[in-house]
Amino acid sequence: MVGGKTGESSRKEVMGSPGTVAGQGRADSAGRAVRGGGQGRAGREGCVEGQAKGRGEGCGPHSEAVQDTGKPQKPSSPAMKQRFSALQLLKLLLLLLLLLQPLLPRALREARCPEPCNCAPDGTLRCPGPTAGLTRLSLAYLPVKVIPSQAFRGLNEVVKILIQNTKNLRYIEPGAFINLPRLQYLSICNTGIRKFPDVTKILSSELNFILEICDNLHITTIPGNAFQGMNNESVTLKLYGNGFEEVQSHAFNGTTLISLELKENIHLEKMHNGAFRGATGPKILDISSTKLQALPSYGLESIQTLIATSSYSLKKLPSREKFANLLEATLTYPSHCCAFRNSPTKEQNFSLSISENFSKQCESTVRKLNNKTFYSAMLAESELSGWDYEYGFCLPKTPRCAPEPDAFNPCEDIMGYDFLRVLIWLINILAIMGNMTVLFVLLTSRYKLTVPRFLMCNLSFADFCMGLYLLLIASVDSQTKGQYYNHAIDWQTGSGCSTAGFFTVFASELSVYTLTVITLERWHTITYAIHLDQKLRLRHAILIMLGGWLFSSLIAMLPLVGVSNYMKVSICFPMDVETTLSQVYILTILTLNVVAFIIICACYIKIYFAVQNPELMATNKDTKIAKKMAILIFTDFTCMAPISFFAISAAFKAPLITVTNSKVLLVLFYPINSCANPFLYAIFTKTFQRDFFLLLSKFGCCKHRAELYRRKDFSAYTSNCKNGFTGSNKPSQSTLKLSTLHCQGTALLDKTCYTEC
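Residues numbered from 1 in each chain as written. Predicted model: local features only at pLDDT ≥ 70, side-chain atom pairs only at ≥ 80, totals over all residues. Heavy atoms only, no water.

- Per an unreviewed UniProt entry, the protein goes by the name Lutropin-choriogonadotropic hormone receptor and belongs to Macaca fascicularis.

So this is what it looks like as structure tokens:
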């Protein structure tokens, strides 16, 4: 009876509920079978009967591990606790694997060849046909290395082939894709192939065939005739994210391209001029995020949509006439959009000239919406795509272009007006020649280099640098006239604009600094004329001007290291005020200029009253010189005032003048001092003329005029000495000192005519 019950309970355990886990057991040391899981009522009865026969030592733990409800209890012994924990952990792991199975990498789930393909142990893949009903073939995460020739032969019904995420694939032999007449989509992405795959024998007859070759980082070249024979109809090529470096001539020969995507080929630098020869299209060209430096000059006539975002190396576009049918462009630089503004192509101009004979018909059919039919009788369909027919007029379309040019870079040449081109050449030549002459005469003069002469040399050099800046601007403007949009990026981001910007800021600040020092020196000389020990020495002036050179160099160099920049506008001014540091930089310069202007005003007011002081025995000549200097200094700063005003307003991002109008200030006001200073302060003065003719006499020229100046100097010297010491009474020591200082002060003031500004 007991044996019968035991056998019955065993059968019940095997045929337990779905929650039981059968087959888990082991033999104990006495040979008794211990079954796990699914212990129900029958199991407990068998255990009790076994104990009655003296075999209960093997049942105790199991009887404690279950209850009447069949739920597990906490085991009592440490060994059973470990077995119980391991069992529960195993259950959890199995359950977790079942839940995560859809999320596992495809490499773990699709590491076997799909039918009807065969992956040989040597890494060769073959998918022979024919296979009825097979339209889609996906080959992903396979351990294949080579796809041999005719690998897909006979798959006449396949529509889509996907070869993706197969990193071990190194080579696709020529002829691997052969005679696939119904193929519409071929994708070869994220593989390890080293050579552009041969797709010329596909011979697909499907409309709008799509070839996708992407993320193959080891392919470096798109060879010539790479797609010839692939398809007899229209083609879309998605060739993005590869390692392409070059597109060779005739690469797209024999294709009718709807769209060509070359985006994200970050190493693509060269596209041969004949790349589109033999091809029709493309209508859509995407070269975003590439390093292309130029587009091919042939085959752009069919492009209707051009996308070239983040193509920072593409700084120059082909001429507008190459894009005969362009309707929309998304570019990197705003200046490139200027090429497509209100500039009809040659074809449109030709078509417009034809339609001029029908102007009366155009006017008579105004406001009719079906005028396109009228023009289609005269023009080809390809010519009609670039025209608008609103209100009955046949007008050329203006392509939509982004990004739009901003206020800092309008669609115009560097010099927006023709009269500015003439003036800037005149001013820069006068500035360069005048200041070079002053520097040469002063540095070669036989007279001693005094403080006023030294300061005038510094001012002339600053004005000479301003002339160089104007020369650079004028030269680039003459070279880029009419097509500045194609040279804007090279100029503004290159070393040329940085050099010009450095020159103008350095020259401007050094000029203002030197003017201030000259004015202070004049005021000090006149005010303390009788104090010889307080006279400014040359060594002091050298140290002061050394500080001015360092200050001006630092101010001009900051935009080169990121504090504002010179590339914001075509005239290379530091007008970038996007950051707080840049705003502080601009405002600091303008504040210092205003402070310098106030100092100069205050000094010349003091000079004006000082020369009229009888105690200093000022003469009419002194007064005349002081007034002349005051007028010239005020003229200088009056010219700079408008620019300072507009610069301050721009620094607060509230400009009161456009860049176009500011160029008038640039030419007419900003550099006029550099042009006028050498003439007003040096060349037109008698002292400079004396030095000039004395210099020429050394080369055998104007000897008679030079001799007259020598005699005049000697007469003036003897006359001053006689006036100072004649008379029966010997002058007192104080009178002698005052007279001597008066002679020196008068001479210094006379020299000021070419030592100021």
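Back to the write-up after that little detour.
## Structural notes on the overall build of the protein
Move 1: On a plain count of helices and strands, the protein comes out with 21 helices and 21 strands.
Move 2: Counting every position in the protein, which comprises 757 residues, the buried fraction comes to 41%.
Move 3: By sequence separation, contacts in the protein at least 24 residues apart represent 64% of the contacts at least 6 residues apart.
Move 4: Surface exposure of the protein reaches about 39,000 Å², of which carbon and sulfur atoms provide 60%. (Helix = DSSP H or I, 4+ residues; strand = E, 2+ residues; numbered from the N terminus. Buried < 20%, exposed > 50% of the residue type's maximum accessible area, 1.4 Å probe, protein only. Contact = heavy atoms within 4.5 Å. Areas by Shrake-Rupley, 256 points an atom, 1.4 Å probe, with all protein chains shown as cover.)

## Here we look at the UniProt feature "transmembrane region" (unreviewed entry) in the protein
Move 1: The UniProt record annotates "transmembrane region" (unreviewed entry) at residues 422-443, 455-476, 500-520, 541-564, 584-609, 630-652 and 664-684.
Move 2: End-to-end, the C-alpha atoms of residues 455-476 are 32 Å apart, and along that stretch the chain is 100% helix and 0% strand.
Move 3: In residues 541-564, helix accounts for 71% and strand for 0%; the two terminal C-alpha atoms are 32 Å from one another. (UniProt positions renumbered as here; feature names shortened; annotations may be inferred.)

## Quick word on the side chain of H336
Move 1: Secondary-structure assignment places H336 in the loop between β18 (328-330) and α6 (346-355).
Move 2: Residue H336 is classed as buried on the basis of its relative accessible area of 2%.

## A closer look at a positive patch on the surface
Move 1: A cluster of like positive charges, contributed by K448, K535, R537 and R539, occupies part of the molecular surface.
Move 2: With respect to the helices and strands, R539 occurs in helix α14 (residues 538-557).
Move 3: Judged by its relative accessible area of 57%, R539 is exposed. (Patch = residues over 30% accessible without salt bridge, like charges linked within 9 Å, V, L, I, M, F, W, Y side chains within 5 Å. Salt bridge = Lys/Arg side-chain N within 4 Å of Asp/Glu carboxyl O. Lys, Arg positive; Asp, Glu negative; His and termini not counted. Charge placed at Lys NZ, Arg CZ, Asp CG, Glu CD.)

## Some points on the sheet that holds β18
Move 1: Taking strand neighbours across the sheet as the criterion, the 10 strands line up as β5-β7-β9-β10-β12-β14-β16-β17-β18-β21 in an open arrangement whose pairing is parallel. Looking along the sheet, the strands with just one partner apiece sit at the ends: β5 (136-140) and β21 (400-402). Across this sheet, the average inter-strand angle for adjacent strands is 10 degrees, counted without regard to direction.
Move 2: Two elements, β5 and strand β7 (residues 160-166), share 5 bridges in a ladder whose sense is parallel. From the neighbouring strand, A140 faces β7, where its bridge partner is Q164. (Pairing = 2+ DSSP bridges. Axes fitted to C-alpha atoms, helices over the stretch in contact; angles between N-to-C directions.)

## Details of the sheet that holds strand β11 (residues 221-222)
Move 1: Across the sheet, which stays open at both edges, the 3 strands sit in the order β11-β13-β15 with parallel pairing between neighbours. Each having just a single partner strand, β11 and β15 (270-271) make up the two edges of the open sheet.

## Some details on the state of the cysteines
Move 1: Counting across every chain of the model gives 6 disulfides.
Move 2: A disulfide bridge connects C337 with C401, and the sulfur atoms are separated by 2.0 Å. Note on the C337 and C401 pair: the S-S dihedral is about -75 degrees, so by sign convention the disulfide is left-handed. Note that C337 is positioned in the loop between β18 and α6 and C401 in strand β21, a separation of 64 residues in sequence.
Move 3: What makes C401 buried here is its relative accessible area of 11%.
Move 4: If the cysteines joined by disulfides in the protein are listed in sequence order, their pairing comes out as 1-3, 2-4, 5-6, 7-9, 8-10, 11-12.
Move 5: Note on C603: no disulfide assigned, nearest cysteine sulfur contributed by C601 at a separation of 9.5 Å.
Move 6: For C603, a relative accessible area of 7% puts it in the buried group. (Disulfide = S-S within 2.5 Å.)

## What to know about the packing of helix α13 (residues 495-527) against α14
Move 1: Taken N-terminus to C-terminus, the directions of α13 and α14 make an angle of 150 degrees; their axes are 8 Å apart at the nearest point. Accordingly, the angle class assigned to the pair α13 and α14 is roughly antiparallel. Seen from above, α13 lies across α14 with right-handed handedness. Facing α13, whose interface residues are F502, V505, F506, E509, L510, Y513, T514 and V517, α14 presents I544, M545, G547, G548, W549, F551, S552, S553, I555, A556 and M557.
Move 2: Here the contact of α13 with α14 is composed, by residue class, of 13 nonpolar, 5 polar and 1 charged. (Parallel < 35°, antiparallel > 145°, perpendicular 65-115°, else oblique. Left-handed = near helix turned anticlockwise from the far one by under 90°. Nonpolar A, V, L, I, M, F, W, Y, C, P; charged D, E, K, R; others polar.)

## Focus: unusual backbone geometry
Move 1: For the peptide bond that leads from G129 to P130, omega is 0 degrees, which places it in the cis range.
Move 2: Along the chain, the position of P130 falls in the loop between β4 (125-126) and β5.
Move 3: In this structure, the amide linkage connecting G281 to the following residue, P282, adopts the cis form with an omega of 5 degrees.
Move 4: Counting through the fold element by element, P282 comes out in the loop between β15 and β16 (284-286).
Move 5: We note that Q150 has phi near 60 degrees; this positive angle belongs to a residue other than glycine.
Move 6: Following the sequence through the fold, Q150 ends up in the loop between β6 (146-147) and β7.
Move 7: Phi at S289 takes a positive value of approximately 55 degrees, unusual for a residue other than glycine.
Move 8: With respect to the secondary-structure elements, S289 resides in the loop between β16 and β17 (305-307).

## Section: the nonpolar core
Move 1: Within the largest apolar cluster, 68 residues are counted, with the highest numbers of intra-cluster contacts made by F152, F227 and F252.
Move 2: Among the secondary structure elements, those contributing two or more residues to this core are β5, β7, β9 (185-191), β10 (209-214), β12 (234-238) and β14 (256-261).
Move 3: Looking at this core, the element that brings in the most residues is β10, giving 3 residues.
Move 4: Apart from residues lying up to four places away in sequence, F152 is in contact with C127, L137, L139, I147, I161, I163, A176, F177 and L180. (Core = buried A, V, L, I, M, F, W, Y, C linked by side-chain atoms within 4.5 Å.)

## Points about the packing of aromatic side chains
Move 1: Summed over the entire model, instances satisfying the criterion amount to 13 aromatic pairs.
Move 2: Taking 6.2 Å as the distance between ring centres and 40 degrees as the angle between the ring planes, the aromatic pair formed by F196 and F244 counts as tilted. Of the two residues, F196 is situated in the loop between β9 and β10 and F244 in the loop between β12 and β13 (246-247); the sequence distance between them amounts to 48 residues.
Move 3: A relative accessible area of 9% means that F196 is categorised as buried.
Move 4: Following the ring pairs from residue to residue traces out a cluster consisting of F196, F227, F244, F252 and F276.
Move 5: Over the ring of Y185 we find K160; its NZ or CZ atom is 5.3 Å from the centre of that ring. (Phe/Tyr/Trp six-rings, centres within 6.5 Å; stacked < 30°, edge-to-face > 60°. Lys NZ or Arg CZ within 6 Å of the ring centre and 35° of its normal.)

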